[in-house]
Amino acid sequence: MLPQEIVRLKRDKIELPPALITEFVSGITDGSVSDAQISALAMAIYFNGMSRNETIALTMAMRDSGDRLSWDELDKPVADKHSTGGVGDNVSLMLAPLVAACGVAVPMISGRGLGHTGGTLDKMDSIPGYTTQPDNQLFRQVTRDVGCAIIGQTSDLAPADQRFYGVRDVTATVENISLITASILSKKLAAGLGWLVLDVKCGKGAFMGNVDRARELARSLVDVANGAGTKTTALLTDMNEPLASAVGNAVEVQNAVDFLTGAKRDPRLETIVLALAAEMINATGQAEDLSTAHQYAQNALADGEAAAVFGKMVAALGGPVDFVEKAENYLPKAPIIAPVVAPRDCYVAKVNARALGVTVVELGGGRRLREDKVDHRVGLVDFAAVGTILKAGDPLCFVHANTETQIQQASESVLEAVELSEEKPTTSDVLIERIA
């Protein structure tokens, strides 16, 4: 059937049979379907939704659009984690080496920035020499020898999703549960995982703004993944403020190195990293229960093993061999750094995390168009968490930018994104719910 006829059916709220979904996905892969037609179908799905059967068919078709990996040669369980996207969310950078240090192989296939959220690959591209797009042979070798590898989709792994993902990013069709489910799981299922843990975020900085929608997405992901044979659980987590105190690319990598070495650990970030690590370690049978798994993860941080694994991974994928020890010397730096100061004595009462993500995109740290290049140097650093007491003139955060004009614009955006109060605010738990 012509691609436009498939679009028409979905536009008219007619359920697409699996054969037509597979046909359209094949056209995405071989180029016979245009970006305009992909965009049109995505918009039709955005407004009209997909049934569970359609979502499964789309997931499987994109999974099968390229190679499917197998890890039979490994003598350890294979697991991964995926986040639905947040602001200041650099969890993957710490989680993969931490879980690997506890005896689980983590072949982590990650994405680039999507909308206002940062992308793990854009962060890793900040590291000189690091190969985010290795061939499958190197990917397998590093996973086997080091225990983890954080990479992007190769051209042979779920290629239909790779193209669909890029079109969605620039056509305002991101926030759809079926499309998110299929995009996440197609590449995760193609990676040959035995276990998967999901970090489904909700709040102003997430694609799912409220907990009910986030719960719906988590249930969709868990149902489809388990139905496909990958044991999956999900955590609902709060994204009403940045998770890390840094938002950007190179600045989040530095934050991750500081976390792994113990130089600095943002409390909310630490809670999420350890909770997800415990889920992965426990699910794969490396611990007798979640409490014991949590302790194993804490030990791997405390004794430096997680930091050592991260350093080995960076070196094995082409980065500096002493990156963990000298990250500040290697990461690119913005030419201008300036504080955004509190206008009066106050508490940080609320933070619009989405607005901060948009601010970083406007600085050049994200993409307006799919082909845009990312400036890894820019971002926001040392952002004050909700509940922080500030005196007039104290820094709310520091802007890393290229021009004084950018500094001024970003400073105004930050102040608009933050609610200050004379009264101490209530803070919310970062962990909301577990779905299994």
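Further up the page is the structure itself.
Residues numbered from 1 in each chain as written. Predicted model: local features only at pLDDT ≥ 70, side-chain atom pairs only at ≥ 80, totals over all residues. Heavy atoms only, no water.

Asks: Report on the side chain of Asn 176, specifying residues and quantitative values.
Replies: Here Asn 176 lies in the loop between α8 (159-169) and α9 (177-190). If we skip the residues at most four places from it in the chain, Asn 176 touches Ile 45, Tyr 46 and Gly 49. (Helix = DSSP H or I, 4+ residues; strand = E, 2+ residues; numbered from the N terminus. Contact = heavy atoms within 4.5 Å.)

Asks: Could you give an account of the sheet that holds strand β4 (residues 195-202), naming the residues involved and the relevant values?
Replies: Pairing within the open sheet is mixed, and its 4 strands lie in the order β1-β4-β5-β13. A single partner strand is all that each edge strand has here, and the edge strands are β1 (79-83) and β13 (431-435). For this sheet, the mean inter-axis angle between neighbouring strands, taken without regard to orientation, is 20°. Each of β1, β4, β5 (231-238) and β13 touches helix α12 (residues 267-283); the most contacted strand, β4, lies at about 155° to it. (Pairing = 2+ DSSP bridges. Axes fitted to C-alpha atoms, helices over the stretch in contact; angles between N-to-C directions.)

Asks: Lay out the state of the cysteines with the relevant residues and their values.
Replies: Under the definition given, this model contains 0 disulfides. Summary of cysteine pairing: Cys 102 is not part of a disulfide, and the nearest cysteine sulfur, belonging to Cys 148, is at 12 Å. On the basis of relative accessible area, Cys 102 is assigned to the buried category, the value being 14%. (Disulfide = S-S within 2.5 Å. Buried < 20%, exposed > 50% of the residue type's maximum accessible area, 1.4 Å probe, protein only.)

Asks: Provide a residue-level description of the environment of Lys 373, including the pertinent values.
Replies: Mapped onto the fold, Lys 373 is located in the loop between α16 (353-365) and β9 (379-381). Judged by its relative accessible area of 79%, Lys 373 is exposed. Put simply, Lys 373 and Pro 242 are 131 residues apart on the chain and 23 Å apart in space, counted from C-alpha to C-alpha.

Asks: Go over the pairing of β4, please, and point to the residues and values.
Replies: By the criterion of burial, β4 is predominantly enclosed, with 7 of the 8 residues buried. Relative to β4, β1 runs parallel, the two sharing 5 bridges. From the neighbouring strand, Ala 79 faces β4, where its bridge partner is Trp 195. Bridging between β4 and β5 involves 8 bridges; their strand directions are parallel. Paired with Val 200 across the bridge in β5 is Leu 236.

Asks: Explain helix α7 (residues 136-146) residue by residue, including any values.
Replies: Three or more residues of α7 are buried, namely Asn 136, Phe 139, Val 142, Thr 143 and Val 146. Down the axis, α7 shows its buried residues gathered within 135° of arc, on one side only. Across α7 from its buried face, at more than 90 degrees, point the exposed residues Gln 137 and Asp 145. Buried positions along α7 lie against β2 (106-110), β3 (148-152) and α14 (305-316). Within two residues after α7, Gly 147 carries a phi angle of roughly 110°, on the positive side. (Arc of directions from axis to C-beta.)

Asks: Tell me what's going on with the environment of Thr 359, and back it up with residues and numbers.
Replies: Here Thr 359 is to be found in helix α16. Under the relative-accessibility criterion, Thr 359 is labelled buried at 3%. Separated by 33 residues in the primary sequence, Thr 359 and Ala 392 place their C-alpha atoms 23 Å from one another.

Asks: Any chance you could break down the packing of helix α5 (residues 91-100) against α12 for me, citing the residues and the numbers?
Replies: It is the contact of α5 with α12, at a shortest axis distance of 10 Å, that shows an interaxial angle of 40°. The angle between α5 and α12 places the two elements in the oblique class. Crossing angle aside, the handedness with which α5 passes α12 is right-handed. Every residue of α12 that contacts α5 at Val 91, Met 94, Leu 95, Leu 98 and Val 99 is listed here: Leu 269, Ile 272, Val 273, Leu 274, Leu 276, Ala 277, Met 280 and Ile 281. Here the residues of the contact of α5 with α12 are counted per class, giving 13 nonpolar, no polar and no charged. (Parallel < 35°, antiparallel > 145°, perpendicular 65-115°, else oblique. Left-handed = near helix turned anticlockwise from the far one by under 90°. Nonpolar A, V, L, I, M, F, W, Y, C, P; charged D, E, K, R; others polar.)

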